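Chain residues, written in single-letter form:
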Number of protein chains: 2
Amino acid sequence: MTRLINDHAEFAAQALAGFAASQVDRVTAVHGGIVRSTTCPDGQVAVIMGGGSGHFPAFAGWVGPGFGNGAACGNVFASPSESQIVSVARACDNAGGLIFVPINYSGDILSFGAAAETLRREGIDVRIVPVTDDIASAPASAWSTRRGIAGCFVVLKIVGAAAEQGRSLDEVEGVARAANEATRSFGVAFSGCTLPGAAAPLFVVPPGRMALGLGIHGEPGIAETDMGTADDVARLLVEGLFDERPPEPGRRVAVFVNGLGATKYDELFLVFARVRELIETSGMRVVAPVVGEQVTSFDMAGLSVSLTYLDADLEELWLAPTDTSSFALGAVARGARREFAEPADGDEPPIPEASPVSQSAALYLAHAFVSVHGAIAENEEHLGMIDAVAGDGDHGMGMMRGVTAAKLAAEQAAAHGAGVGTLLARAGAAWSEQGGGTSGALWGVGLSAAGASIGDTQALPDDAGAPDQRLRPVVEATRAFSDAILATGGAELGDKTMVDAIVPFVDMLERAIEAGSTLADAWAKAATASTEAADRTADVVSRRGRSRIHGARSLGVPDAGAVSFALIVSAVLGQEAR
Amino acid sequence: MTRLINDHAEFAAQALAGFAASQVDRVTAVHGGIVRSTTCPDGQVAVIMGGGSGHFPAFAGWVGPGFGNGAACGNVFASPSESQIVSVARACDNAGGLIFVPINYSGDILSFGAAAETLRREGIDVRIVPVTDDIASAPASAWSTRRGIAGCFVVLKIVGAAAEQGRSLDEVEGVARAANEATRSFGVAFSGCTLPGAAAPLFVVPPGRMALGLGIHGEPGIAETDMGTADDVARLLVEGLFDERPPEPGRRVAVFVNGLGATKYDELFLVFARVRELIETSGMRVVAPVVGEQVTSFDMAGLSVSLTYLDADLEELWLAPTDTSSFALGAVARGARREFAEPADGDEPPIPEASPVSQSAALYLAHAFVSVHGAIAENEEHLGMIDAVAGDGDHGMGMMRGVTAAKLAAEQAAAHGAGVGTLLARAGAAWSEQGGGTSGALWGVGLSAAGASIGDTQALPDDAGAPDQRLRPVVEATRAFSDAILATGGAELGDKTMVDAIVPFVDMLERAIEAGSTLADAWAKAATASTEAADRTADVVSRRGRSRIHGARSLGVPDAGAVSFALIVSAVLGQEAR
């Protein structure tokens, strides 16, 4: 929702003033909107944009060389008035004529039309080319009555480039018509925006559903359907757009994926990846795509895809340099294109030779990773919740990724005849790689150290000898795990970290084994000690926990790393007991 | 929330692939992250960034000349692994040494540290300078242990410029330390983000409250407080930052207002406007501010302010050109700075002379605008709701703005002796200017036409003569209002627009007056006819309504413009009846 407001009646005006103050080298606020603060050559056509506020960067963010000369800025979602447009247009006039490129809404058309009449009476040549890109708003047979949505970004960028090149008003108008006729957009929305001062969103889309063809102010769309994946959304939009694609094969096409505000960059990139694939598979060629937020609607969730079918002239203009606050091209001379070697996948070093007893222990250990994976899967959400109290809440997800990768690596290593040492090293590397974060890095170094300690050939528990001697390698491996984590993480016992659950585990394991316990008994006692110690971290106020925050909000909640360690050693025991 | 997902385990990887595919001229994906796709001079220091995914543009969006050479990209909110960092760093090495600039989180520090060790063993000189800008994460006495948040944008931009200039690794490291020591950030959060695949947000802030000093993953902050206005938030953040401002007066300072994802551009500009004022008032000077989303956290709502106290060297580097997908400076040669005349406020043309009877009718009419204003205020929300069904939901807000401005203009005109014609013209101009949108434009032309029709001198109802003759100017003025709207808006009766309520009103008014009614009676009958006609628009499926959508979702809901017209003429009657 829109939360930061001083006075909701002044919202748009204050935001615009703030924008202008942040961009004094580029723009100046005049009555009615924003114009370039720098001079243009005499006789250059001036490109006038505009519309309601609430769509930033549209339109004020596109004022600059190679794009718009001025933006008339109405109130929130309201078209600018005639006098606002006249004021902005007058401030931009370079005596080369004006081109108005509004988006096709009746209020905007009324005001831009009235402003054009006023300026023509003053002897200024004004042309109007409304953008009509939204395929959902009228059938193809009536395309010129369609409303304008995000495709105006592409049309205006192209028109601005034509004006910057010094083309005549007739030529620029021709470019504007060609760019508009070549541009089609189709969008979906997942939730409405909340206007400044409003208590509720402008409209609501039921959870898990999406509205097809919704306008940028929440005007009705053509249908509502289930969400699907990012790929599904990409396919749906591209298929809709392809209904009107030009018949000739091999067209070059500018692609613009626009986020409406609350649909964020990563999500847009997911959709773009599939859009690009579909377009290229169809035999067309994607040219200089743009993926981002250019025509927003406050915090509305949704996106649109715009395609502009380029000819040589439109492509030249689409690629021309520009410099605005919100879009720039051709900024700095880039170096030559580098050649990259193909990534050398699959050249994993071979599995070192291992003793049969270590190989059989490794198979057993690979099964233990299955139990561990199950335990973490079951507790993923809980771990995330307790982590969120003191940390960043990602512990459950990170552990899940790590343990999943480690299980897979362990299974593969065991299947290829690895010994225990190699299995632990591979599982650790996979955990660190896929788990990420502090916990991933620590489990990675810990398992690697344990693997190095135990090696691939040592005699293991099922050999002959007194229990405490037979089990010595296991104790040493757990001690190596603990030492590596203490050294790498820098935490000490009592710091409310996973160390608080590790140290009691290793101590109890060693004590029980020295007292003559079997491995199963000793491990059970150690796991219990670890669980109790993890629970006790709830009584501790973190001194130097993961998030390095001063303050003590974590009292009463145990450390997530300690809890997950205890869960894991307990799960190994479950396997042991089978 | 994060909605567009294919496979939540693959979310970050797929998003990164999509990003790389959208920027082939700038970047290439390698194992572990993103590097420039273009060559660098031999011996140039390479700047390596990185961290968890979900913060775009940080860090992949900052890869390019004058900024970072490579970004190691971990999984969602998880630090990259050692091997990812090593892979990205190797791909960036120009034989001039590497500088790692992670943000200070234990996982990142672990992985970058381990990667540095590995690369140093290969003979590569690697320096590490973690960013520690978040003043909320530790006291000033322990500033070097603070976590890093959005200030990394400023630090990395400056470090990237130093490397681009060809400075040595020692020099670049010195710049990095100086930039970090000069940078302080402080942020607030209003709501948590929902990670891909998660059902609920990572954390929740109660409505109307904000969390101070929250980390970019939702790590705990230092306090929770009531929201306040945009100005309040700006003051709170700047005052927090000023606790550590340098003692010398007149410092030049880079200001960066960062949005976390769901706090949108207009809101950020509101806050920036006040931040700038507070800084300039304190005697410091704002240099090349940046306002936007650079370090996000999916759809988290909140923002931070970062201040970097510049010396001459840091300022030069802050202003140096750069070209990345998400931030560019110095793109295109701009023209010279223009001089703008001060806006000529207050030179409103004088009030034309009016007859006493027209002046007294104008006073009466100004009172009628007060009633009209009250009626619209009472129905603002209702009008917005019925408009949202077929239009963009802004009708209530637009009418409210328009009628408020019209009331003020009418009162001022009447107080300065205007006649009815001038009062209506001024009210119409104000309505169009402030109301905006289609309704603002149409009420503007309608009231102006009515004013022109009735003029400032005509005899009015209280004069002598038969009622139908005495009241003729009123009928003609309403007819002029109707004709102007028909001509300008292009809608016809039955199109489900305000015209459907206007035409029956004017027809009934004329009929009743011709039948000898008093103005009060005739107006009452006409207002009733208008209300009934407006209600009947609920039975109509819009053929060419404001939003120009095909489809018929508006059946059962009346047209908002027709309803508001009926409300207004009924409110005038309320005034009449007093």
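Please read these numbers as outputs of a predicted model, since none were measured by experiment. (Residues numbered from 1 in each chain as written. Chains lettered and ligands numbered in written order. Predicted model: local features only at pLDDT ≥ 70, side-chain atom pairs only at ≥ 80, totals over all residues. Heavy atoms only, no water.)

Undergrad: I tried to follow the interface of chain B and chain A on my own but got confused; where do I start?
TA: Many descriptions give the size of an interface as the accessible area lost when the pieces come together. Each side of the interface is counted separately: chain B has 125 residues, and chain A has 126 residues. For the pair chain B and chain A, the two sides together bury roughly 10400 Å², of which 57% comes from carbon and sulfur. Run the count over chain B and chain A and you get two salt bridges. Measuring nitrogen to oxygen at the nearest pair gives 2.8 Å for the salt bridge that ties Lys264(A) to Glu293(B). (Contact = heavy atoms within 4.5 Å. Buried area = accessible area lost by both parts, 1.4 Å probe. Salt bridge = Lys/Arg side-chain N within 4 Å of Asp/Glu carboxyl O.)

Undergrad: What is the right way to read the packing of helix H6 (residues 230–242) of chain B against helix H7 (residues 265–281) of chain B from this model?
TA: Two quantities define a packed helix pair, namely the angle between the helix axes and the distance between the axes. All names here are of chain B. The geometry of H6 relative to H7 is characterised by a closest axis approach of 8 Å and an angle of 45° between their N-to-C directions. In terms of axis orientation, H6 runs oblique to H7. Considering how the two elements wind past one another, H6 and H7 form a crossing that is right-handed. Where H6 approaches H7, its residues Ala230, Asp231, Ala234, Arg235, Val238 and Phe242 are matched on the opposing element by Leu270, Val271, Arg274, Val275, Leu278 and Ile279. Per-class residue counts for the contact of H6 with H7 are nine nonpolar, no polar and three charged. (Axes fitted to C-alpha atoms, helices over the stretch in contact; angles between N-to-C directions. Helix = DSSP H or I, 4+ residues; strand = E, 2+ residues; numbered from the N terminus. Parallel < 35°, antiparallel > 145°, perpendicular 65-115°, else oblique. Left-handed = near helix turned anticlockwise from the far one by under 90°. Nonpolar A, V, L, I, M, F, W, Y, C, P; charged D, E, K, R; others polar.)

Undergrad: Which parts of the structure should I look at to understand the sheet that holds strand E7 (residues 183–191) of chain B?
TA: Strand pairing in a sheet takes place through backbone hydrogen bonds and is either antiparallel or parallel in direction. All names here are of chain B. The strand order across the open sheet formed by six strands is E9-E8-E7-E12-E10-E11, and the pairing between neighbours is mixed. Two strands lie at the open edges of the sheet, namely strand E9 (223–226) and strand E11 (285–292), each paired on one side alone. Strand-to-strand, the axes of this sheet are offset by a mean angle of 20°, without reference to chain direction. Its contacts with the sheet put H6 on E7, strand E8 (209–212), E9 and strand E12 (301–310), and the angle it makes with E7 is roughly 145°. (Pairing = 2+ DSSP bridges.)

Undergrad: Any chance you could explain the sheet that holds strand E12 (residues 301–310) of chain A here in plain terms?
TA: Residues and elements named next belong to chain A. Taking strand neighbours across the sheet as the criterion, the six strands line up as E9-E8-E7-E12-E10-E11 in an open arrangement whose pairing is mixed. Strands with a single pairing partner mark the edges of an open sheet, and in this sheet they are strand E9 (223–226) and strand E11 (285–292). Between one strand axis and the next, the sheet turns through 20° on average, direction left out of account. Note that strand E10 (residues 252–259) and E11 share six bridges and pair parallel.

Undergrad: Sorry if this is basic, but what is going on with the packing of helix H2 (residues 82–92) of chain A against helix H3 (residues 106–121) of chain A here?
TA: Residue and element names in this part refer to chain A. Interaxial distance between H2 and H3 falls to 8 Å at its minimum, and their mutual angle equals 55°. Judged on the interaxial angle alone, H3 and H2 are oblique. For H2 against H3, the interelement crossing comes out right-handed. Together, Glu82, Ile85, Val86, Ala89 and Arg90 of H2 and Ser111, Phe112, Ala114, Ala115, Thr118 and Leu119 of H3 make up the contact between the two elements.

Undergrad: How should I be thinking about the domain arrangement of chain A in this particular structure?
TA: Domain annotation for chain A reports domain 1 (8–323) and domain 2 (356–577). Each of domain 1 of chain A and domain 2 of chain A has a C-alpha centre, and the two are 54 Å apart. (Domains from an automatic or database assignment.)

Undergrad: I tried to follow the environment of Asn104(B) on my own but got confused; where do I start?
TA: Residue and element names in this part refer to chain B. Counting through the fold element by element, Asn104 comes out in the loop between strand E5 (98–100) and helix H3 (106–121). Distance in space between the C-alpha atoms of Asn104 and Glu532 is 67 Å, their sequence separation being 428 residues. Among the polar contacts listed, one links the side chain of Asn104 to the backbone oxygen of Arg146, at a separation of 2.8 Å. (Polar contact = N/O pair within 3.5 Å; in protein donor to acceptor, adjacent residues only side chain to side chain.)

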